[in-house]
Amino acid sequence: MTPWFRTGRLHFAVGIEDTFVPQEDVGRRRLDEYELTQHYHQWRDDLSRAKDAGADMIRWGIPWYLLEPEPGRFDFEWTDRVVEHLDRLGLRCMVDLMHYGTPLWLDNQFLNHRYPEAVAAYAAAVAERYADSLDIWTPLNEPVVNAVYCGEQGTWPPYLRGDDGFVKILTRLARGMVLTQRCITEVQPSATFVHVDAGFRWTGAWPPGEREHLQERRFLGLDLVLGRVHEAHPMRAYLTAHGVTDAELDWFTAHAVTPDVIGVNYYPAFTTAERDPTTGTVHPAEAGTTGLADLLHRYAERYEQPLFLTETSRGGPVEERLAWLEESVDTVLRLRAEGMPLVGYTWFPFFALVDWRYRESTRPVDRWLVQMGLYDLERDAGSVLRRRATGLVDRFRALAADTTQTSQERGQ
């Protein structure tokens, strides 16, 4: 049977924001997007809406900290019901196994010596239980963003800072990704893997060498997993300068895994960072479809693998979101026509998300709602976050149907 990513079809997907950082501390609240957006209560309707919107795939994540509340003890009751409903809908799931947070019992989080084996064991347990229903896996979402927040900026546990912290976290994440793919393959040989990376771009005036360093560093998570950090790799000296041994790097080479598809996340007003030459401050810059095409070309040329645009959207008024939907889909179709192996398009998030800054604030959750989905969230008098369809729903459905029809006419 031809794998789903080799049929020539462009898959239309939506994704539900699934960041889980459950650790609480003074001045830091639990960040569980499913809880804050009431997806735990409205999951059935949310998934049905995704199917109704024309999506044939969905990016949806499992809250590891709830599924495995104690080491080796799994509570599958909720995920059993979710997977059963996905089957009923015929909605294929690209499973986010790790979207930032670790279980509460894993002290020191990603630095814990058991982390790589623990995350792989959890992933294998999920893959074995749902082998008849789920077969597309993302071992870990956005390894470099994870390393920045947890290791470089000290925003999330274990709150490390600087390059040393970044390297420590990234190498642990990468080792967990390798073991996750290997363990899943053992229990589910037919599994396919989509490794999702955050797209980063830089513009403006940067100090000598800094922009070049960042441009290489953005690929470091994937390069480690794929066993590409050889002697001549431009980031090898950076890694060894921050404590990574040759033996550790040799381990990645010896145990390298290759994803079937590489997912790239891109936001037109957020992905590109611009540096002010006068003040040195860095801020997000609008890059539109030019930035999208540039980023996809860079991943296509570097990895020569099928690509999936696994996240894109725009915040703001519905009219601006509609314009980006049209522009971004048109860009993806143009790149495919030029020969780029793009196999999927994802509007992410499907409905509004809660800004991550909520975790460090005391303001009510509604103050942090970011309306950037096909559906907006509005709280009613009973404190229920209602899903209000915008004009993007009908347009997304029409674009998905048009593309599917075109593929069928071409015999794909």
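Shown above is the structure to which this text applies.
The present account deals with the structure reproduced in this document.

Thresholds applied
- Residues numbered from 1 in each chain as written.
- Predicted model: local features only at pLDDT ≥ 70, side-chain atom pairs only at ≥ 80, totals over all residues.
- Heavy atoms only, no water.
- Helix = DSSP H or I, 4+ residues; strand = E, 2+ residues; numbered from the N terminus.
- Buried < 20%, exposed > 50% of the residue type's maximum accessible area, 1.4 Å probe, protein only.
- Phe/Tyr/Trp six-rings, centres within 6.5 Å; stacked < 30°, edge-to-face > 60°.
- Lys NZ or Arg CZ within 6 Å of the ring centre and 35° of its normal.
- Salt bridge = Lys/Arg side-chain N within 4 Å of Asp/Glu carboxyl O.
- Contact = heavy atoms within 4.5 Å.
- Core = buried A, V, L, I, M, F, W, Y, C linked by side-chain atoms within 4.5 Å.
- Pairing = 2+ DSSP bridges.
- Axes fitted to C-alpha atoms, helices over the stretch in contact; angles between N-to-C directions.
- Left-handed = near helix turned anticlockwise from the far one by under 90°.
- Polar contact = N/O pair within 3.5 Å; in protein donor to acceptor, adjacent residues only side chain to side chain.

For the rest of this paragraph, the subject is unusual backbone geometry. With omega at 5 degrees, the peptide bond leading from P157 into P158 counts as cis. Of note, P158 is situated in the loop between α6 (143-152) and α7 (162-187). Residue P349 is bonded to the preceding F348 through a cis peptide linkage, with omega at 5 degrees. By secondary structure assignment, the location of P349 is in the loop between β13 (342-347) and β14 (353-354). Unusually for a residue other than glycine, S383 sits at a positive phi of about 70 degrees. Assignment of secondary structure puts S383 in the loop between β16 (375-379) and β17 (385-389). Taking the relative accessible area as the measure of exposure, S383 reaches 38% and is therefore partly exposed.

This paragraph deals with the packing of aromatic side chains. Taken as a whole, this structure holds 30 aromatic pairs when the rule is applied. Consider the rings of F76 and Y130, whose centres lie 5.9 Å apart with planes at 80 degrees: the pair is edge-to-face. On the criterion of sequence distance, the pair formed by F76 in the loop between α3 (64-67) and α4 (77-89) and Y130 in the loop between α5 (115-129) and β6 (136-138) is long-range, its members being 54 residues apart. Assigned by exposure class, F76 and Y130 land together as buried. Taken together, a centroid distance of 5.2 Å and an interplanar angle of 80 degrees make the contact between Y100 and W356 edge-to-face. Remark: W356 occurs in the loop between β14 and β15 (369-370) and Y100 occurs in the loop between β5 (92-96) and α5; sequence separation between them is 256 residues. Taken together, the ring pairs in this structure connect F20, Y34, Y40, W60, Y65 and W78 into an aromatic cluster. Taking NZ or CZ as reference, R49 lies 5.8 Å from the ring centre of Y375, over its face. In this structure, R217 packs its charged tip against the face of F166, placed 3.9 Å from the ring centre.

Side chains that differ in charge, positive against negative, can pair when their charged atoms come close. Counted according to the given criterion, the structure contains 34 salt bridges. Notably, a salt bridge pairs E338 with R334, separated by 3.2 Å at the nearest N-O pair. Owing to a relative accessible area of 38%, R334 belongs among the partly exposed residues under this scheme. In this structure, D366 engages R379 in a salt bridge whose closest nitrogen and oxygen atoms are separated by 2.5 Å. Of this pair, D366 sits in the loop between β14 and β15 while R379 sits in strand β16, placing them 13 residues apart in sequence. Overall, the relative accessible area of 30% leaves R379 in the partly exposed class. Three or more residues are tied together by salt bridges with common partners; here these are R321, D376, E378 and R388.

Note that H195 resides in strand β7 (residues 192-198). With residues near it in sequence (within four places) discarded, H195 still touches P139, M177, Q181, L222, V225, V257, P259, V261, I262 and G263.

A separate point is the nonpolar core. Among the nonpolar cores identified, the biggest contains 122 residues, and I58, W60, W137, L374 and F396 are the most heavily contacted of them. A total of 10 residues in this core trace back to one element, the largest contributor, which is α7. With near-sequence residues (within four places) excluded, W137 lies in contact with V95, L97, V126, A127, I184, Q188, A191, T192, F193 and V194. Residues A13, M57, F308 and V343 belong to the second largest nonpolar core, which totals 11 residues.

Turning to the sheet that holds strand β11 (residues 282-285), a few remarks are in order. Sheet strands associate in pairs through backbone hydrogen bonding, adopting either a parallel or an antiparallel arrangement. If you walk across this open sheet you meet the three strands as β8-β10-β11, and the pairing is mixed. At either margin of the open sheet sits one strand with a lone partner, and together these are β8 (201-204) and β11. For this sheet, the mean inter-axis angle between neighbouring strands, taken without regard to orientation, is 35 degrees. Pairing of β8 with strand β10 (residues 272-275), which is carried by four bridges, proceeds in the parallel orientation. Opposite W202, over in β10, you have A273 as the bridge partner.

Attention now moves to the packing of helix α12 (residues 288-303) against helix α13 (residues 318-337). Following both chains from N to C, one finds α12 and α13 inclined at 35 degrees, their axes separated by 10 Å at the closest point. Regarding α12 and α13, the two cross each other, and that crossing is right-handed. Residues G288, T289, L292, A293, L296 and H297 of α12 pack against W324, E327, S328, T331, R334 and L335 of α13.

Okay, the pairing of β11 next. One ladder, built from four bridges, connects β10 with β11; its direction is antiparallel. Looking across to β11, one finds that R275 is bridged to V282. Where β10 hands over to β11, the hairpin turn is made up of six residues, of which G280 adopts a positive phi near 80 degrees.

A word on the environment of R59. Secondary-structure assignment places R59 in strand β4 (residues 57-61). Note: C-alpha distance between R59 and A398 (339 residues apart in sequence) is 20 Å. Only 3.0 Å separates the side chain of R59 from the side chain of D96, close enough to count as a polar contact. A polar contact of 3.0 Å, which involves the side chain of R59, links it to the side chain of E311.

A word on the sheet that holds strand β1 (residues 11-15). Pairing in this closed barrel of eight strands is parallel, and the strands run β1-β4-β5-β6-β7-β9-β12-β13 around the ring. Averaged over all adjacent pairs, the angle separating strand axes in this sheet is 25 degrees, with direction ignored. By the bridge criterion, three bridges tie β5 to β6 in an arrangement that is parallel. Residue pairing across strands places M94 opposite I136, the latter belonging to β6. The sheet contacts of α13 involve β1, β12 (307-312) and β13, and relative to β13 the element is tilted by about 175 degrees.

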